[in-house]
Amino acid sequence: MLLALTASGCSSSSDPGSSSSPTSGTAPSQTPSPSPPTPGPVEEAQALAIALVPDYLETIDDLYLDPSLPLDGIHQVAVAPEATAQATAIGKFRSQGYRQTGRSQLVTASAASTDLSNSPAASPSPVLPTVVVTACVDVGEVDAIDASGSSIVPSGRPRYLIQQLTVVNPNYPDTSSWRVSEAPNRQAQSCDE
């Protein structure tokens, strides 16, 4: 997974009685820095939806890589129709004796749109808080092999997938309930396509 960690800090110590300037016996005054603004509901929803994407990709890879894992693990990161589509595809993949090697890698993910409307009882279909996330995924290391060990992936397959993930929260405002409901993708030669 891609994590960017930046650590910076300063520390200084001085003896009591020592001065910070040769002409003054008092330390220079410091203005407290303003605290960062608290993210609003939209920013928080976007951050949580984007944070779900690497977990979603890892779960899908895990299910393709390890045929002993139960398919219902998909429900930790997805809801219908995506959970059903993935479980069906993985089940078929497994039944044909195929095996995945390698893992996908998230390159970029950003929120494309956000709608926090929440009418779970709406008819004919519920309206759930939704964040659409555009992600670029590197699948260059991912292969699928048949029982004889031969690759079933076409040669010359583009290295990247551009995904439009619809991430919904059926239990909003519960922050742990964001799930992928749809994840159509297209192949691409780069993340900029």
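Within any chain, residue numbers begin from 1 and follow the written order of that chain's sequence. In keeping with the model being predicted, local features are shown solely for residues with a pLDDT of at least 70 and side-chain atom pairs are shown and tallied solely at 80 or more, while totals for entire chains, interfaces and linings include all residues. Hydrogens and water molecules were not included; the side-chain quantities draw on all heavy atoms of the structure.

## Some words on the overall build of the chain
- Every helix listed is a DSSP run of H or I at least four residues long, and every strand listed is a run of E at least two residues long, numbered separately from the N terminus. The secondary structure content of the chain amounts to 2 helices and 7 strands.
- Listing each helix as α and each strand as β along the chain from the N terminus yields α-α-β-β-β-β-β-β-β.
- For every residue, the accessible area obtained with a 1.4 Å probe (protein chains only) is divided by the maximum for its type, and the residue is called buried under 20%, exposed over 50%, and partly exposed between those limits. By the burial criterion, 28% of the 193 residues in the chain qualify as buried.
- The contact criterion used throughout is that any non-hydrogen atoms of two residues lie within 4.5 Å. Considering only residue pairs separated by 6 or more positions, the chain has 64% of its internal contacts joining residues 24 or more positions apart.
- For the chain, the exposed surface amounts to about 12,000 Å²; the carbon and sulfur share of it is 53%. For every accessible area listed, the method is Shrake-Rupley and the probe measures 1.4 Å; residues are considered covered only by the protein chains on display.

## Quick look at the pattern of salt bridges
- Salt bridges are identified by distance alone: a Lys or Arg side-chain nitrogen within 4 Å of an Asp or Glu carboxyl oxygen. As enumerated under the stated definition, the model contains 3 salt bridges in all.
- Between Arg103 and Asp62 there is a salt bridge, and its shortest N-O distance comes to 2.4 Å. Residue Arg103 is located in the loop between β1 (99-101) and β2 (105-115), and its partner Asp62 is located in helix α1 (residues 41-65); the two are separated by 41 residues in the primary sequence.
- Accessibility expressed as a relative area gives 24% for Asp62, which makes it partly exposed.
- Its salt-bridge partner being Arg159, residue Glu141 comes within 3.9 Å of it at the nearest N-O pair. One end of the pair, Glu141, is in the loop between β3 (130-138) and β4 (143-145); the other, Arg159, is in the loop between β4 and β5 (160-168), and 18 residues separate them in sequence.
- By relative accessible area, which is 54% here, Glu141 ends up exposed.
- Arg159 gets classed as partly exposed once you look at its relative accessible area, which sits at 35%.

## Some details on helix α2 (residues 82-95)
- Each residue after the first adds 1.5 Å to the expected span of a helix. Between its first and last C-alpha atoms α2 spans 20 Å; for 14 residues at 1.5 Å apiece the expected length is 20 Å, and the two agree.
- If you check which residues of α2 are buried, you get Glu82, Ala83, Gln86, Ile90, Phe93 and Arg94. The buried residues of α2 all sit within an arc of 100 degrees when viewed along its axis, so they share a single face. Exposed residues lying more than 90 degrees from the buried face of α2 are Thr88, Lys92 and Ser95.
- Buried residues in α2 make contact with α1, β1, β4 and β6 (179-182).
- Positioned one or two residues after α2, Gly97 has a phi angle of 80 degrees, which is positive. The directions considered for the arc run from the helix axis to the C-beta atoms.

## Examining the side chain of Thr166
- Within the secondary structure, Thr166 is located in strand β5.
- Judged by relative accessible area, Thr166 falls into the buried class, the value being 18%.
- Thr166 has contacts with Thr130, Val131, Val132, Arg179, Val180, Ser181 and Glu182, leaving out every residue within four places of it along the chain.

## As for the confidence of the model for the chain
- The predicted model of the chain averages 87 in pLDDT, with 82% of residues at 70 or higher.
- Throughout residues 1-24 the model reports pLDDT below 50, and contacts reaching past four residues in sequence, or to other chains, amount to 10 contacts. Within a predicted model, pLDDT stands for the predictor's per-residue confidence, ranging from 0 to 100.

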